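Breakdown of the fold
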Amino acid sequence: MAEQNKRIIKDGAIIADDWLLLRPNVGALADTLPGDVSIPAGKVIVPLAAWLAQKEALAARADIGVWLASDERPEALKDDLARLPLIAVDFPKFSDGRGYSIAFLLRERLGYAGELRAIGDVLRDQLFYLARVGFNAFDVRADRKLEDALAGLTDFSVRYQTSSDEKAPLFRRVQRHGAAQ
Amino acid sequence: MYRYDQYDQTIVDERVAQFRDQVRRRLADELTEEEFRPLRLQNGLYHQRHAYMLRIAIPYGLLSATQLRTLAQIAREHDRGYGHFTTRQNIQFNWVKLEETPAILERLAGVQMHAIQTSGNCIRNITSDQYAGVAADEIVDPRPYAEILRQWSTFQPEFAFLPRKFKFAINGAQEDRAVTAAHDIGLTVIKNETGEVGFRVMVGGGLGRTPIIGSVIREFLPWPHVMTYLEAVIRVYNQYGRRDNMYKARIKILVKAIGSEEFAQEVEQEWQHLKDGPGTLTIEELQRVAAHFTAPAYETLSDNDAAIAQLQQENKAFANWLARNVKPHRIPGYRAVVLSLKKPGVPPGDISAEQMETVATLAERYSFGELRVTHEQNLVLADVRQRDLFELWQQVKAAGLATPNIGLLTDIVCCPGGDYCALANAKSIPIALAITERFDNLDYLHDIGEIELNLSGCINACAHHHVGNIGILGVDKDGSEWYQVSLGGSQGNQTTIGKIIGPAFSAEQMPDVVERLVEVYLRERNDEEKFIDTVRRLGIEPFKAQVYGTPIEPKAIKVGEPTRG
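Just so you know, these numbers come straight off a predicted model, no measurement behind them.

Across its full length, chain A carries 5 helices and 8 strands. For chain A, the succession of helices and strands along the chain, N to C, is β-β-β-β-α-β-β-α-β-α-β-α-α. Computed over the C-alpha atoms, the radius of gyration of chain A is 18 Å, within 12% of the 16 Å expected from 2.2 N^0.38 for a compact globule of 181 residues. On the principal axes, the C-alpha backbone points of chain A span a range of 65 × 35 × 25 Å. Looking at chain A as a whole, 37% of its 181 residues qualify as buried. Across chain A, contacts joining residues at least 24 apart in sequence account for 47% of those joining residues at least 6 apart.

This is the structure in structure tokens:
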């Protein structure tokens, strides 16, 4: 089931990725109850429901990540953040913007410091925004070139407002002067 | 007005580069149309019936003469020699080629303009009072706050893909001239008992399919908190606004569903995490931005120019123009002058490249090189010396911009409608032109007095028909175009949603329908009573009786002829 030679963008670089993403709505898992989803050995990103149902068994493993759907709440993981090396947030469509607030809250409100990965319909033109709210890893849609997507991270050099990446707005970071004539 | 510093300029330049590459990828088929659509919309580029339409932001309606000249050049080189001012104080070009948009944006960036977030499900251009800074009834000049919020909302990363579009309006005067109650967020800048400046915050107003007047969720928000508080509002909306049905996705539906008190509490809880944090506005930044909006070098003048008073006596056409198109100013000897874009025979809000150049020159000559766009789709020279009015009038008249109809029946607010817009159910411009033609007698028009007539070609209500004293909505019935009429809507401090009077009419009946409504008013009005006041006093029944009492013969109007734009 694991994809061969899979790569993602992480911390501004293209790297090999060995995490397996378990999606319950795919194939045989579709009708399985969260408690019954079988979690293979190795590094696995499990759906939130499966994590909550099997937490006791999974807690002993250091190679489990959890992914949130766009309508799930980040607070559901608030007691687990310290032991999760990876949390992923799904973008069913890139225009579903809930994942941005989920990421912001995970980082800024709940203090999550591990890998925060955008999965699903993740495309180049959203990478700048995604990085700003706290994502540091991007599982770009499989039909797109990672090399192209990487450029999306640097579309803008100026950030007016606070977010996860900038703790202060531009006017507190720099001395702004009058008109540039 | 606000001038970019290096940071503002950099972000706009980088946007041009980003969009140029997005267009390149679309043309090379590296982006599908479905993927490109939200990207181009966030840059104001729509695909319409005939061509692309580019909507350019005019932040809070403020323009310099130089910027207007650039718009004139764009109109000539990339459109058919025209531009169209919108009800959100922006300008649209209706005949743009996709391949040319990067060049247009580059040209705009050269004069500190852009098309950022003029469409899409994000925070849109912020609108404001066209008389900001000059109005006699102003409490606080809203423009510095509007600019600060423009910067805050520009590429705000978390709120680029909201459930639906998100519109701010900000007003700082006694009279609400920004339709704040019909916006997702309506801010009123006020002072509290101790003289401290802050905002009354309304949320959840909007027109469209479900017209709702906004609810006040905070009576007084001290100014330093404006950004953190709005961040809390929009974060709540981004998480809980509906995404399953685009017709129920605006914040008004969420506020209505959970109640404005519950919504206010949710916002309050979220805000507690942000309040007094680094997102708080500083006095230094407020002063830096406000320094761009200081008063121009006004002369000390008498407020009663004898020569102008004399000309007013002698020249009826000039007197009509003074009565309708010249507005009070807080400085003695100065006036704000409205240039009418509602000339009979011309689509409301349309302006030619030549007219733009003339207006730019007049702005430089008579109004410190600046002008404003109104949400009623007219232009304003805000700082004209009273003694220059006659001279100015002659030039404005020669340019075809002196129709003395501001606030009158023919000052129709009208969307582009079915002639251009892919969303429209019906045409709107030909109906507006036919009504204007019917009321071509100026004495009659002035006798009727103030009436706001708003005409939208579909339920999205770009022409704000719900708040028109007479609101006209184009609807589709079995493949043909019909017009539903509502009565009693109003903007301002008593914003109300009009009531539908009954079954819809054909385009050909509409001039008669409006005429019958006016007849009832003329028959029933008390002295000095405006149309809206008569409607409020009598209700819609007598109007209904007159309109539906006898059949209306359809009279041919020029529908379907190509209109410019």
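There's plenty left to go through after this.
Right, let's talk about the overall build of chain B for a bit. For chain B, the count of helices and strands is 18 helices and 21 strands. Computed over the C-alpha atoms, the radius of gyration of chain B is 23 Å, within 12% of the 24 Å expected from 2.2 N^0.38 for a compact globule of 565 residues. Judged by the C-alpha coordinates and their principal axes, chain B covers about 60 × 60 × 55 Å. For chain B, buried positions account for 57% of its 565 residues. Considering only residue pairs separated by 6 or more positions, chain B has 69% of its internal contacts joining residues 24 or more positions apart.

All names here are of chain B. Within the secondary structure, Ala181 is located in the loop between strand S7 (168-171) and strand S8 (185-191). Along the primary structure Ala181 and Gln491 are separated by 310 residues, whereas in three dimensions their C-alpha atoms are 8.3 Å apart. Sequence-distant contacts of Ala181, defined by excluding residues within four places in its chain, comprise Gly186, Met202, Gly205, Ile213, Gly214 and Thr495.

Within a sheet, each strand pairs with its neighbour through backbone hydrogen bonds, oriented either parallel or antiparallel. Residues and elements named next belong to chain B. Within the open sheet, the 5 strands sit side by side as S1-S2-S5-S4-S13. Their pairing is antiparallel. Edge positions in the sheet fall to strand S1 (45-47) and strand S13 (350-352), since each of these pairs with one other strand and no more. Strand-to-strand twist in this sheet, taken as the mean axis angle between neighbours without regard to direction, amounts to 30 degrees. The pairing of strand S2 (residues 52-56) with strand S5 (residues 91-96) spans 4 bridges and is antiparallel. Looking at S5, one finds that Tyr52 is bridged to Val96. This element, helix H4 (residues 101-109), spans S1, S2 and S5 of the sheet and lies at about 15 degrees to S2. Contacting strand S4 (82-85) and S13, helix H12 (residues 353-366) runs over the sheet at an angle of about 80 degrees to S13.

Attention now goes to helix H16 (residues 510-524) of chain B. Residues that lie three or four places apart on an α-helix share one face, since the helix turns once every 3.6 residues. All names here are of chain B. Under the 1.5 Å per step criterion, the end-to-end length of H16 is 22 Å for 15 residues, consistent within 8% with the ideal 21 Å. Among the residues making up H16, those that are buried are Met510, Val513, Val514, Leu517, Val518, Val520 and Tyr521. Projection of H16 onto a plane perpendicular to its axis shows the buried side chains occupying an angular sector of 150 degrees, all on one side.

Looking now at the pairing of strand S4 (residues 44-47) of chain A. Residue and element names in this part refer to chain A. Pairing geometry for strand S3 (residues 20-21) and S4, over 2 bridges, is parallel. Counterpart to Leu20 in the pairing with S4 is Val44. Two elements, S4 and strand S5 (residues 64-68), share 4 bridges in a ladder whose sense is parallel. From the neighbouring strand, Pro47 faces S5, where its bridge partner is Trp67.

Here the focus is the domain arrangement of chain B. Residues and elements named next belong to chain B. Partitioning chain B into structural domains gives domain 1 (6-109), domain 2 (134-292), domain 3 (306-398) and domain 4 (413-549). Across the boundary between the two partners, domain 2 contributes 10 residues, which contact 11 residues of domain 4. For the side of domain 2 that touches domain 4, the per-class residue count stands at 6 nonpolar, 1 polar and 3 charged.

All names here are of chain B. Read across the sheet, 5 strands follow the order S6-S7-S8-S9-S10 without closing on themselves; strand pairing throughout is mixed. Each edge of the sheet is formed by a strand with only one pairing partner; in this case those strands are strand S6 (127-128) and strand S10 (215-222). As paired strands, S7 and S8 are joined by 4 bridges and run parallel to one another. When the sheet's bridge partners are listed, Ala169 is paired in S8 with Gly186. Sheet contacts for helix H5 (residues 143-153): S6, S7 and S8; angle to S7, the most-contacted strand, approximately 160 degrees. Of the strands in this sheet, S8, strand S9 (197-203) and S10 touch helix H6 (residues 226-240), which is tilted by about 10 degrees from S9.

Another point: the nonpolar core. Core analysis: the largest hydrophobic core is formed by 212 residues, its most contacted members being Phe138 of chain A together with Val233 and Tyr483 of chain B. Looking at this core element by element, the count peaks at 9 residues for H6 of chain B. Those residues in contact with Val233 of chain B that lie beyond four places of it in its chain are Ile185, Val203 and Val267 of chain B.

Contact with chain B, which involves 34 residues of that partner, is made by 32 residues of chain A. When contributions to the side of chain B that touches chain A are tallied by element, the ones reaching two or more residues are helix H1 (6-27), helix H2 (33-41), H5, H6 and helix H9 (283-290) of chain B. Counting residues per element, the side of chain B that touches chain A draws most heavily on H1 of chain B, at 8 residues. Across the side of chain B that touches chain A, the residue classes break down as 12 nonpolar, 13 polar and 9 charged.

This paragraph deals with the packing of H6 of chain B against helix H8 (residues 260-272) of chain B. All names here are of chain B. Where H6 contacts H8, the two axes come as close as 8 Å, and the packing angle between them is 125 degrees. In terms of axis orientation, H6 runs oblique to H8. As for how H6 packs across H8, the hand of that crossing is right-handed. Every residue of H8 that contacts H6 at Thr228, Tyr229, Ala232, Val233, Arg235 and Val236 is listed here: Glu266, Val267, Glu270 and Trp271.

What counts as what
Residues numbered from 1 in each chain as written. Chains lettered and ligands numbered in written order. Predicted model: local features only at pLDDT ≥ 70, side-chain atom pairs only at ≥ 80, totals over all residues. Helix = DSSP H or I, 4+ residues; strand = E, 2+ residues; numbered from the N terminus. Rg over C-alpha atoms; globule rule 2.2 N^0.38 Å. Buried ≥ 20, exposed ≤ 12 C-beta atoms within 10 Å, placed from the backbone. Contact = placed C-beta atoms within 7 Å. Pairing = 2+ DSSP bridges. Axes fitted to C-alpha atoms, helices over the stretch in contact; angles between N-to-C directions. Expected span 1.5 Å × (residues − 1). Arc of directions from axis to C-beta. Domains from an automatic or database assignment. Nonpolar A, V, L, I, M, F, W, Y, C, P; charged D, E, K, R; others polar. Core = buried A, V, L, I, M, F, W, Y, C linked by C-beta atoms within 7 Å. Parallel < 35°, antiparallel > 145°, perpendicular 65-115°, else oblique. Left-handed = near helix turned anticlockwise from the far one by under 90°.

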